[in-house]
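# Close look at the chain arrangement
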Amino acid sequence: MRNVAQQGHKEFQKDMNGEFNEYLQAFRKSTKLFIGTILVVTLFIVVICAPVMAPHDPYKMDVKNRLSNISRTHLLGTDHLGRDTLSQIIYGSRTSIFIGVIGTSLAFIIALSLGTLAGYARGIIENLILLYFDAVRSFPAIILILVVISAIGSSVTNIIIVFGFIYSSLLGRTIRAITISVCKEPFIEAAITLGSKKRTILFRHLFPNVIGPSLIVTGMYVPIMIMSEAGLSFLGLGVPPPTPSWGTSIRYGFENIMRAPWLILPPSIALALTMLGFNLFAEGLRDVLNPEKRGELIIS
Amino acid sequence: MLKYAISRLLWLIPTLLCVILFLFSLIHFAPGDPVDVICGPRASEETKALVRDIFHLDKPLIVQAGYFFQNLLKGSLGVSIIDREPVIKKFMRALPNTMVLGFFAMFWTFILALVLGALSGIHQNTWIDYVITGCSFGMISVPAFVSALILLLIFSIKLPVFPMTGVGEKGNVLDQLRHLILPATAISFGWFGFMCRTVKAMMLEVLAKDYVKMERSFGVPSRYIWGKYALRNAVLPVVTQIGFAIGEFLGGAVFVEMIFGRPGIGRLLANSISTLDYPVLQGTVFMTTIMFVLANLLADLSHGFLDPRVRHG
Amino acid sequence: MDKDQNVLEMREVSIIYRVGNRIGKAVDRVSFEIKKGEVLGLAGESGCGKSTLAWSILRLLPGNARIVSGDMILEGKNLLKLSERALNDEVRGNKITMIIQNTKDSLNPVFTVGTQMFDLLRFHEQEKQSLIASFNFFRRAKRNKERRFRCIKMLEEMEIAAADKRFSEYAFQFSGGMRQRVIMAMNFMANPAVLIADEPTTGLDVSVEAYVLELFKSKIRKYETAVIYITHNLRILSEIADKVAIMYAGTIVEQAPVEELFDNPLHPYTKALIKCLPESGVLGEKLQEIPGQVPSIFERTENCKFQPRCPYSTEICTQAPPRTGKVSSSHFVLCHNFLTVQ
């Protein structure tokens, strides 16, 4: 039979595999999270180091060399105005990330405030907020964005504001659902029974527990916004040129598709990889944070 | 359940009212004077005044909205500023192109997603699963217009297999099919990725259920369990997704139609925006919103209908 | 098959589970036999391996489990030698059937109860017909009518009122007790040689439980089915079983005819279990419990698995594996000290 030392060793092992290690184990085993993190980190490196990485000034036009092929000076060729494609892609990442992150942050702030309020307050306030959410959601998102942008003009600020308000409606609904389920938890009931003021419950108890899962869901919207910005720019209603944007680059590629068909590839691949990276990262993170899936990952 | 359907339909009316008011107010804020667009920069003041009067462009918003609803009750959606053609006619001409594309794409996507999703669930953690799941994930991440462009590049320009633009000759079904394949594939990528993952997740969930264990213990052959008993349970959420996908497709059609030159609703909308053709813009958005809300409603109801628990209880 | 031959014989069956890279023995050299019409009660706590054993007979274990040794002889044939196809077509739902525990998902929710019963008849039809004959619609319609009739008759036999209406209803429209009776109907319709009942009345209200148990008893007597009745409730076994096997941590520690087990329990675990029953105690006395926990499947050794919790353990219990003591031709105990224990 086992002796005390062996038993102790067994217990020691159990302690070693405490909570923290569990996450690390799951992280190492999750291919999704791994690849996602690599892609996202690469993207951020490109965004931050753009001035250092880009071989040319993306705004500099060189009309004599327009639509040129891959060469040693222009690694990915030039667009129809002679600007270096590679630099355009590198600087375009800045636009995408800027709009994606800031837009998502705006949507998050709006959705969090309205969603928590709706989920907590119920009654008339909730119905009004829901009315706003549903009204926005009754349009196909792209059409709504198109119409609004075409009305108020397209600029980076306008795009961020429009995205923020429109996407906050769907996010707000989800956050409201999260709030409602958190409200059902016993500790909230306990706080109410103990006589805490409404404001205390909202800020001290509710918020911290709602923010966690909300952030994870919000993360999914960054790639959506990046894609929407690219789509808008593709239609000509996005970031106004000459600001580099992947969507605009794709548009130029499309317009010149007969003369320089390869031009659509670099921005398309950049866009696809970015979205893939964010999706993988968000999904992978969600899996690692979910106790069931985490267990599956460790066992596999 | 009938009550639910009716109440949802009734909600449509105030929604549409808000939509119209919203649209009108937007157009009011837009830069650029449509009168200049119609008449051109060298028109005389009288012409401009005339145009302004005909199209009620100088009246307050509410009045313009009033005229819109008046026309609506008469069955008309207004007349294009640019070429004086009734908006309804433009819309009806464009609608079939978009609908055919949508349904064709959805048909194949659904079948493929069902089969491949079920396969990946049944053969979990084998190479089949990895390939299918990997592909579906990749497909979700690539936006529709990007895949459309790449498909166009490969299969239309580099290898002239499929035609680049247009819808095909009227009456020639084969030719129309040829024109459908590339755009339908482009759209279906995103849908397939999503639906496939849903089917797989549901299949896995269902195959772990007690009743499947019970059926196996009675010696029910595997192909029946997979094809009949489990699948029927797994399909439920997917069918709901179809409705929502078609609804959201109405918006996304803009890109695909622009790239493949299909004269559908999306292109109609995009053109009306760039030419500042307000009646067409209003009419198209109005109709599209109705269709969108109806599609969502149908999706919602279909879920209730397919589940016998909701149907009977 | 005459009355004295064994319908089912399990010989030294062992089953392992694999989690990650650890291997645990869930069932360790279990043996028992059942004759026609006999009811074997398999009792034990949660985690002792009785459900695993049951599913292993039908070879429906989860992917990470393996039967590593032993034989299972059904009516003279070794089940472990059958191919999966043969097992599925001839044994499952035919010679051996199972009643699973009642849960809200025990029947398929999107098909009517009737369809599910009907399909079972279809899958196990004995005659193979030619392709041409299958096109004979009249024959087919007639056969379907007969099958439907059989199903409804069986539902009536399970004392389900308005059986023909119930035939076209869905599972959620049935109460828990009725759902169990539907599954029982499916079982008896197949008229199996062996019926495995895995906690069939657990989760039902007490009055419903009593009713279902009585019905079950009358049916197994009528059809002369051999039954493996799995439960943790000894009281039920005292009513329904002919002989009882007590399982602990994957091994059968005692096996005896039912009266003898209750009159003369010899294994310390059996004794403790019986003492735990509220009926055994005196009114007002504290309920008995067995201190300690069942060892996890990864922590089991060759020696007596009950030893850490056994009040009668001696030195030999930690040094050598216990041997099966034969008290009589039908009473077996797996313990070093059963002779000396009071």
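For the structure itself, look to the data block above.
Before going into details, it helps to say that this report is about the structure given with it. Along each chain, residues carry numbers from 1 onward, in the same order as the chain's sequence is written. Chain letters start at A and ligand numbers start at 1, both assigned in the order the entries are written. Since the coordinates come from a predicted model, pLDDT governs what is reported: local features require at least 70, and pairs of side-chain atoms require 80 or more to be given and counted, while whole-chain, interface and lining totals use all residues.

One frequently used descriptor of interface size is the decrease in accessible area upon assembly of the parts. For the purpose of contact definition, each residue receives a C-beta atom placed from its backbone, and two residues are in contact when these atoms lie within 7 Å. Of the residues lining the interface, 35 residues belong to chain B; the matching set on chain A comes to 30 residues. Counting from the N terminus, the helices are the DSSP runs of H or I reaching at least four residues and the strands are the DSSP runs of E reaching at least two. Of all the secondary-structure elements, those providing two or more residues to the side of chain B that touches chain A are helix H1 (2–29), helix H6 (127–141), helix H7 (144–158), helix H10 (222–260), helix H11 (265–274) and helix H12 (278–306) of chain B. A per-element tally of the side of chain B that touches chain A places H10 of chain B first, with 8 residues. Residue classes follow a fixed rule: Ala, Val, Leu, Ile, Met, Phe, Trp, Tyr, Cys and Pro count as nonpolar, while Asp, Glu, Lys and Arg count as charged, and any other residue, Gly among them, counts as polar. Among the residues making up the side of chain B that touches chain A, the classes are represented as 26 nonpolar, 8 polar and 1 charged.

Okay, the environment of Arg-262 of chain B next. All names here are of chain B. Relative to the assigned elements, Arg-262 resides in the loop between H10 and H11. Here exposure depends only on C-beta density: within 10 Å of a residue's C-beta, 20 or more other C-beta atoms make it buried, 12 or fewer make it exposed, and intermediate numbers make it partly exposed, the C-beta atoms being placed from the backbone. Take Arg-262: there are 24 C-beta atoms within 10 Å of it, and that puts it in the buried class. Distance in space between the C-alpha atoms of Arg-262 and Leu-180 is 9.4 Å, their sequence separation being 82 residues.

Attention now goes to the nonpolar core. Here, a nonpolar core denotes buried Ala, Val, Leu, Ile, Met, Phe, Trp, Tyr and Cys residues that are linked to one another through C-beta atoms within 7 Å. In terms of nonpolar packing, the biggest core is built from 132 residues, with Ile-145 of chain A together with Phe-145, Ala-148, Leu-149 and Val-256 of chain B touching the most fellow members. Among the elements that take part in this core, H10 of chain B stands out by supplying 16 residues, more than any other. Setting aside residues no more than four positions away along its own chain, Ile-145 of chain A makes contact with Val-162, Ile-166, Ser-228 and Leu-232 of chain A. The next biggest cluster of nonpolar side chains, apart from the first, holds 95 residues, and it includes Cys-48, Val-91, Val-113 and Leu-204 of chain C.

For the rest of this paragraph, the subject is the sheet that holds strand E2 (residues 22–35) of chain C. Residue and element names in this part refer to chain C. At least two DSSP bridges between two strands are required for those strands to pair. Spatial ordering of the open sheet is given by E2-E1-E4-E5, a layout of 4 strands whose pairing is antiparallel. The outermost strands of the open sheet, each flanked by one partner alone, are E2 and strand E5 (77–78). Alignment of strand E1 (residues 6–19) against E2, held across 10 bridges, turns out to be antiparallel. Across the sheet, Met-10 pairs through a bridge with Phe-32, a residue of E2.

The strands making up a sheet are joined through hydrogen bonds of the backbone, oriented either antiparallel or parallel. Residues and elements named next belong to chain C. Reading across the sheet, the 8 strands line up as E6-E7-E8-E3-E9-E10-E12-E11 and stay open at both edges, with mixed pairing between neighbours. The sheet is open, and its two edges are formed by strand E6 (96–99) and strand E11 (324–328), each paired on a single side. With strand direction ignored, the average angle separating the axes of adjacent strands in the sheet is 20°. Here strand E10 (residues 251–257) runs beside strand E12 (residues 331–334); their pairing, made up of 2 bridges, is antiparallel. Counterpart to Glu-254 in the pairing with E12 is Val-333. For helices, the fitted line uses only the C-alpha atoms of the stretch in contact; every axis is such a line through C-alpha atoms, and the angle between N-to-C directions lies from 0 to 180 degrees.

Every α-helix winds through 3.6 residues per turn, so residues three or four apart in the chain are directed the same way. When you tally the buried positions in H11 of chain B, you get 8 out of 10 residues, the bulk of the element. Within H11 of chain B the residues assigned to the buried category are Ile-265, Gly-266, Arg-267, Leu-268, Leu-269, Ala-270, Ser-272 and Ile-273 of chain B. Those residues of H11 of chain B that are buried are in contact with helix H7 (141–152) and helix H11 (221–235) of chain A together with helix H5 (87–122), H10 and H12 of chain B. Leu-276 of chain B sits one or two residues past H11 of chain B and shows a positive phi near 55°.

Residues and elements named next belong to chain C. Where burial is concerned, most of strand E8 (residues 226–231) is hidden: 6 out of the 6 residues are buried. Neither face of E8 is left uncovered, since the one carrying Ala-226, Ile-228 and Ile-230 and the one carrying Val-227, Tyr-229 and Thr-231 both have all their residues buried. Note that strand E3 (residues 39–43) and E8 share 5 bridges and pair parallel. When the sheet's bridge partners are listed, Leu-40 is paired in E8 with Ile-228. Consider the strands pointing away from the viewer: the crossover is right-handed when the path from the first strand over the helix to the second runs clockwise. Handedness of the β-α-β unit built from strand E7 (residues 194–198), helix H8 (residues 206–223) and E8 comes out right-handed.

Our focus in this paragraph is the environment of Lys-222 of chain C. Inspection of the secondary structure puts Lys-222 of chain C in helix H8. Once the C-alpha coordinates of Lys-222 of chain C and Ser-51 of chain C are considered, the two residues, 171 residues apart in sequence, prove to be 26 Å apart.

Attention now moves to H8 of chain C. All names here are of chain C. Here H8 is 18 residues long and its end C-alpha atoms lie 26 Å apart, about the 26 Å a rise of 1.5 Å per residue gives. When we look at burial in H8, the residues that qualify are Glu-209, Val-212, Phe-216 and Ile-220. For H8, the arc enclosing every buried residue in end-on projection is 70°, short of the 170-degree limit, so these residues lie on one face. Seen from the buried face of H8, the exposed residues on the opposite side, beyond 90 degrees, are Ser-207, Glu-214, Ser-218, Arg-221 and Lys-222. The elements touched by buried residues of H8 are E3, helix H7 (176–189), E7 and E8. Glu-224 sits one or two residues past H8 and shows a positive phi near 55°. In this analysis, the expected span of each helix is defined as 1.5 Å times one less than the number of residues it contains. Starting at the helix axis, one direction is taken to each C-beta atom, and the arc is that of these directions.

A few words now on the packing of H6 of chain B against helix H8 (residues 173–207) of chain B. Residue and element names in this part refer to chain B. Taken N-terminus to C-terminus, the directions of H6 and H8 make an angle of 135°; their axes are 7 Å apart at the nearest point. The angle between H6 and H8 falls in the class oblique. The hand of the H6/H8 crossing is left-handed. Of the residues in H8, those touching H6 at Ile-132, Thr-133, Ser-136, Phe-137, Met-139 and Ile-140 are Phe-189, Gly-190, Phe-192, Gly-193, Phe-194, Cys-196, Arg-197 and Lys-200. Split by residue class, the contact of H6 with H8 holds 8 nonpolar, 4 polar and 2 charged. To sort the angles, those under 35 degrees are grouped as roughly parallel, those over 145 as roughly antiparallel, those from 65 to 115 as roughly perpendicular, and the leftovers as oblique. Each crossing gets its hand from how the near helix is turned against the far one by less than a right angle, where anticlockwise is left-handed and clockwise is right-handed.

Everything listed here is a matter of geometry and, on its own, says nothing about what the molecule does.
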